[in-house]
Amino acid sequence: MPAYQVGYFVGSLSSTSVNRILSKALIRVAPDDLAFTEIPIGNLPLYSQDYDDDYPPQALALKEAIAASDAVLFVTPEYNRSIPGALKNAIDWASRPWGQNSFDHIPAAVVGASVGSIGTALAQQSLRAVLSFCNARQMTAPEAYIQYSPETFGDDGEIRNAGTQEFLTGFMAEFREHIQRVLTVLPRQ
Ligand code: FNR
């Protein structure tokens, strides 16, 4: 029986996303009592306040999926030194209508992979600022800036490098502890 349900976002819509591969790797090394459900973002229309009185089904499903999660994990690429528009759009939907912010007090972690050595550091900085405003309870350490290569990750998330395996295992173990700490003082409603 899982202790915690984790909803995870993959910030890329690419069919060959290295961040989707990273998400599979993270699930492989996560503690056994975490259960993972992807929260899709690719089907959402572009957010407008015009929808606030009558959210479309895709956006209602997004908010329901977050409400059903004990915590959220963001696995995102860096686009032009920030987060992809599709991910920001999903966060904007979830944060509204005013007074119904889905991220309020939710335990959260951010991670990402790029082919370059910067490993999504600036995207994660942008995402942290957004999640901070959304009042998510972010894990601040450890940080994880992952440089993807096919030598390190198989397509199904197999981790081929012992150091990376150890690091990501530790990251997910810390995330589990973070979830438990946050929910101890701020139980999900
Ligand atoms: C990129 N890429 C990229 N990489 C990076 O390290 N910093 C950046 O700012 C950007 N900017 C950027 C913009 C756009 C529009 C694209 C398409 C790509 C490269 C990026 O890291 C690479 O394409 C990854 O493979 C994207 O992750 P996914 O989609 O494979 O998960």
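With that settled, the discussion passes to helix α2 (residues 57-67). Of the positions making up α2, those classed as buried are Ala 59, Leu 62, Lys 63 and Ile 66. On an axial view of α2, the arc spanned by its buried residues comes to 90 degrees, and they lie on one face. Of the exposed residues in α2, those oriented more than 90 degrees away from the buried face are Pro 57, Glu 64 and Ala 67. Buried residues along α2 sit against β1 (4-10), β3 (71-75) and α3 (85-95).

Here the focus is the site of the ligand. For the ligand, the full set of nearby residues is Ser 12, Ser 14, Ser 17, Val 18, Asn 19, Pro 77, Glu 78, Tyr 79, Asn 80, Arg 81, Ser 114 and Ile 118. In the model, an oxygen atom of the ligand is placed 2.8 Å from a nitrogen or oxygen of the Asn 19 side chain. The protein chains hide 69% of the 620 Å² of surface that the ligand would expose on its own. Considering only residue class, the shell around the ligand consists of 4 nonpolar, 6 polar and 2 charged.

The description of two helices packed together rests on the angle between their axes and the distance between the axes. Their axes nearest at 9 Å, the elements helix α1 (residues 18-29) and helix α5 (residues 162-185) cross at an angle of 75 degrees. Between α1 and α5, the interaxial angle falls into the category roughly perpendicular. Contacts from Leu 22, Leu 26 and Val 29 in α1 reach Gln 165, Leu 168, Thr 169, Phe 171 and Met 172 in α5. In terms of residue class, the contact of α1 with α5 is built from 6 nonpolar, 2 polar and no charged.

For the structure on display, the rule yields 8 aromatic pairs. On the basis of an interplanar angle of 70 degrees and a centroid distance of 6.4 Å, the ring pair of Tyr 8 and Phe 36 is categorised as edge-to-face. Note that Tyr 8 is positioned in strand β1 and Phe 36 in strand β2 (residues 34-38), a separation of 28 residues in sequence. Between Phe 9 and Phe 103, the ring centres sit 6.3 Å apart and the planes meet at 55 degrees, which makes this aromatic pair tilted. In this pair, Phe 9 sits in strand β1 while Phe 103 sits in the loop between α3 and β4 (107-114), placing the two residues 94 residues apart along the sequence. Among the residues examined, Phe 9 registers a relative accessible area of 1% and is labelled buried. When its relative accessible area of 0% is taken as the criterion, Phe 103 is described as buried. One aromatic cluster in this structure is built from Tyr 47, Tyr 51, Tyr 55 and Trp 93.

This part covers the environment of Gly 112. In this fold, Gly 112 is placed in strand β4. Gly 112 gets classed as buried once you look at its relative accessible area, which sits at 0%. The residues touching Gly 112, leaving out its near neighbours within four places in the chain, are Asn 19, Leu 22, Thr 76, Gly 119, Thr 120, Gln 124, Ala 144, Tyr 145 and Ile 146.

Within β3, 5 of the 5 residues are buried, which leaves the element mostly enclosed by the surrounding structure. Two elements, β3 and β4, share 4 bridges in a ladder whose sense is parallel. Bridge pairing links Phe 74 to Val 110 in β4. Once you follow β3 into α3 and on to β4, the crossover reads as right-handed.

Calculation criteria
Residues numbered from 1 in each chain as written. Predicted model: local features only at pLDDT ≥ 70, side-chain atom pairs only at ≥ 80, totals over all residues. Heavy atoms only, no water. Buried < 20%, exposed > 50% of the residue type's maximum accessible area, 1.4 Å probe, protein only. Helix = DSSP H or I, 4+ residues; strand = E, 2+ residues; numbered from the N terminus. Arc of directions from axis to C-beta. Contact = heavy atoms within 4.5 Å. Near = heavy atom within 4 Å. Polar contact = N/O pair within 3.5 Å; in protein donor to acceptor, adjacent residues only side chain to side chain. Areas by Shrake-Rupley, 256 points an atom, 1.4 Å probe, with all protein chains shown as cover. Nonpolar A, V, L, I, M, F, W, Y, C, P; charged D, E, K, R; others polar. Axes fitted to C-alpha atoms, helices over the stretch in contact; angles between N-to-C directions. Parallel < 35°, antiparallel > 145°, perpendicular 65-115°, else oblique. Phe/Tyr/Trp six-rings, centres within 6.5 Å; stacked < 30°, edge-to-face > 60°. Pairing = 2+ DSSP bridges. Right-handed = clockwise from strand over helix to strand, strands pointing away.

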